Amino acid sequence: MTREHGEGAVQALVLYDGRVLLVRPDDGWELPSGTPQPAESAEATAARVVYELTGYLVDGTETLGAHDNARADEAPAVVCQLLSEEPSDGARLAPERLRWAAIADTSGTPLPRSVRTYLQGHTPV
């Protein structure tokens, strides 16, 4: 698996308790992302990438697309439901490279337009 933002990459939007799961693979915080395997759907890619990078089990439930104000050059983003509250062992990223950020605290994070639009409709409970 490669973590890429280029053509063919998929980003995973994991929401839990009014927070967004972010990863720090290099210099800055971002959504977990990766390239699909042959014949793998965007939803399956998002779930696999989140598990491989973070150890959290998720289920990709909704792909955000052009109807959500996505730009043509943006990687697709998939909304994911968290299935495990604790990550399993063996994640590629160390715990200090994972962060649950409040939606309001993601303003400086590079997120696709479709994700920003989606998050505007979600108020933490």
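Quick summary incoming for the structure in this document. (Residues numbered from 1 in each chain as written. Predicted model: local features only at pLDDT ≥ 70, side-chain atom pairs only at ≥ 80, totals over all residues. Heavy atoms only, no water.)

**With respect to helix α2 (residues 113–120)**
Quick reminder: α-helices carry 3.6 residues per turn. Residues three or four places apart thus point the same way.
Then comes step 1: For α2, the full list of buried residues reads S114, V115, Y118 and L119. One side of α2 carries all its buried residues, which in axial view fall inside an arc of 130 degrees. (Buried < 20%, exposed > 50% of the residue type's maximum accessible area, 1.4 Å probe, protein only. Helix = DSSP H or I, 4+ residues; strand = E, 2+ residues; numbered from the N terminus. Arc of directions from axis to C-beta.)

**Details of a nonpolar patch on the surface**
Then comes step 1: Taken together, the side chains of Y51, L57 and L83 define a hydrophobic patch exposed on the protein surface, amounting to about 300 Å² of accessible area.
Then comes step 2: Note on placement: Y51 falls in helix α1 (residues 42–54).
Then comes step 3: For Y51, a relative accessible area of 38% corresponds to the partly exposed category. (Patch = residues over 30% accessible without salt bridge, like charges linked within 9 Å, V, L, I, M, F, W, Y side chains within 5 Å. Areas by Shrake-Rupley, 256 points an atom, 1.4 Å probe, with all protein chains shown as cover. Salt bridge = Lys/Arg side-chain N within 4 Å of Asp/Glu carboxyl O.)

**A word on the pattern of salt bridges**
Charged atoms that come close allow side chains of opposite charge to pair.
Then comes step 1: One pass over the full model with this rule turns up 2 salt bridges.
Then comes step 2: We note a salt bridge from R48 to E40, for which the minimum N-O separation is 2.9 Å.
Then comes step 3: Residue R48 is joined to E52 by a salt bridge in which the shortest nitrogen-to-oxygen separation is 3.3 Å. Of this pair, R48 and E52 both sit in helix α1, 4 residues apart, which is roughly one turn of the helix.
Then comes step 4: A single network of salt bridges, built from pairs that share partners, joins E40, R48 and E52.

**Describing unusual backbone geometry**
Then comes step 1: In this structure, D17 takes a positive phi of about 55 degrees despite not being glycine.
Then comes step 2: Note on placement: D17 falls in the loop between β1 (10–16) and β2 (19–23).
Then comes step 3: The exposure class assigned to D17 is exposed, which follows from its relative accessible area of 56%.
Then comes step 4: The backbone of A39 shows a phi angle near 65 degrees, a positive value even though the residue is not glycine.
Then comes step 5: Relative to the assigned elements, A39 resides in the loop between β3 (33–34) and α1.

**A few points about α1**
Then comes step 1: Compared with an ideal rise of 1.5 Å per residue, which puts 13 residues at 18 Å, α1 spans 18 Å between its outermost C-alpha atoms and is within 8% of the ideal.
Then comes step 2: Three or more residues of α1 are buried, namely T45, A46, A47, R48, V49, V50, L53 and T54.
Then comes step 3: On its buried face, α1 sits against β1, β2, β3, β4 (58–64), β5 (77–82) and β6 (98–102).
Then comes step 4: G55 occupies a position one or two residues after α1 and carries a positive phi of about 90 degrees. (Expected span 1.5 Å × (residues − 1). Contact = heavy atoms within 4.5 Å.)

**Looking at the packing of aromatic side chains**
Then comes step 1: Counted by the stated rule, this structure contains 2 aromatic pairs.
Then comes step 2: Centroid distance Y56 to W100: 5.6 Å. Interplanar angle 80 degrees. Geometry classified as edge-to-face. Within this pair, whereas Y56 is found in the loop between α1 and β4, its partner W100 is found in strand β6, the two being separated by 44 residues in sequence.
Then comes step 3: The exposure class of Y56 is buried, given its relative accessible area of 9%.
Then comes step 4: Taken together, the ring pairs connect Y16, Y56 and W100 into an aromatic cluster.
Then comes step 5: Positioned above the aromatic ring of W29, the side-chain terminus of R99 is 5.2 Å from the ring centre. (Phe/Tyr/Trp six-rings, centres within 6.5 Å; stacked < 30°, edge-to-face > 60°. Lys NZ or Arg CZ within 6 Å of the ring centre and 35° of its normal.)

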